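The lines below spell out each chain.
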Amino acid sequence: MTNNSKEIEEAEKAAAPEKQDLLSLNADDADRGAITLSKNCIARIVSKTAAGIEGFARFAPKGAGDILNIFSGKAYDSSMVIEFQDGGVNLKLAVNLYYGVYLPGVIKELKTRIADQIAAITGAKVGRIDVYVKDLVAPEDVENGDKSSEEDAEGDAESKEE
């Protein structure tokens, strides 16, 4: 192997996604090739599904550490942790819900609809979906892009760490 072809091979390996970042599904017709899903694919399903749930405001705001995701090309951030394990999907979600909604009801619907959509669209099984409610927001805060409640919550968290 020439020096140039070694460099190309190393570059291809570096550009290839990590094995834990992909989910391989068993195709009904294995002769025709494999089906592989990325975490971005799952993140898109989760985002679109959550947006349609009454009481769901948004995923918890991105932190400074999520700047790295911009450079890595990931569509999801620390508010959504996706793990592929034993041929299935596990999720950890950090969300903001609307103030005044029945939290257990919204969370139950969020988990159920996300699991159903992932299974319906991909055929993958869904294991755990852990939900962390980071904050409660007023509908007008979301519509106006007001981040005061988010900044207050982040300030509280920082003061507790000191």
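Above this text sits the structure in question.
Residues numbered from 1 in each chain as written. Predicted model: local features only at pLDDT ≥ 70, side-chain atom pairs only at ≥ 80, totals over all residues. Heavy atoms only, no water.

S.K.: Before we go on, may I ask you to explain the overall build of the chain in this structure?
M.R.: A count of helices and strands for the chain gives 6 helices and 6 strands. Each helix (α) and strand (β) of the chain, taken in turn from the N terminus, gives the series α-β-β-α-β-α-β-β-α-β-α-α. Accessible area of the chain: about 10700 Å², with a carbon and sulfur share of 50%. (Helix = DSSP H or I, 4+ residues; strand = E, 2+ residues; numbered from the N terminus. Areas by Shrake-Rupley, 256 points an atom, 1.4 Å probe, with all protein chains shown as cover.)

S.K.: What's the story with the side chain of N90 in this structure? I'm lost.
M.R.: Position of N90 relative to the elements: it lies in strand β5 (residues 88-98). Among the polar contacts made by the side chain of N90, one reaches the main-chain amide nitrogen of R128 at a distance of 2.9 Å. When residues no more than four places from it in sequence are discounted, the contact partners of N90 are V81, I82, E83, Q85, G127 and R128. (Polar contact = N/O pair within 3.5 Å; in protein donor to acceptor, adjacent residues only side chain to side chain. Contact = heavy atoms within 4.5 Å.)

S.K.: Which parts of the structure should I look at to understand the packing of helix α2 (residues 39-51) against helix α4 (residues 103-122)?
M.R.: When two helices pack together, their arrangement is given by the angle between the helix axes and the distance between those axes. Running from amino to carboxyl end, α2 crosses α4 at an angle of 135°, the nearest separation of the two axes being 9 Å. Between α2 and α4, the crossing angle belongs to the class labelled oblique. For the pair α2 and α4, the crossing hand works out as right-handed. Between α2 and α4, the residues in contact are I42, I45, V46, T49 and A50 and L110, R113, I114, Q117, I118, I121 and T122, respectively. In the contact of α2 with α4, the residues fall into 8 nonpolar, 3 polar and 1 charged. (Axes fitted to C-alpha atoms, helices over the stretch in contact; angles between N-to-C directions. Parallel < 35°, antiparallel > 145°, perpendicular 65-115°, else oblique. Left-handed = near helix turned anticlockwise from the far one by under 90°. Nonpolar A, V, L, I, M, F, W, Y, C, P; charged D, E, K, R; others polar.)

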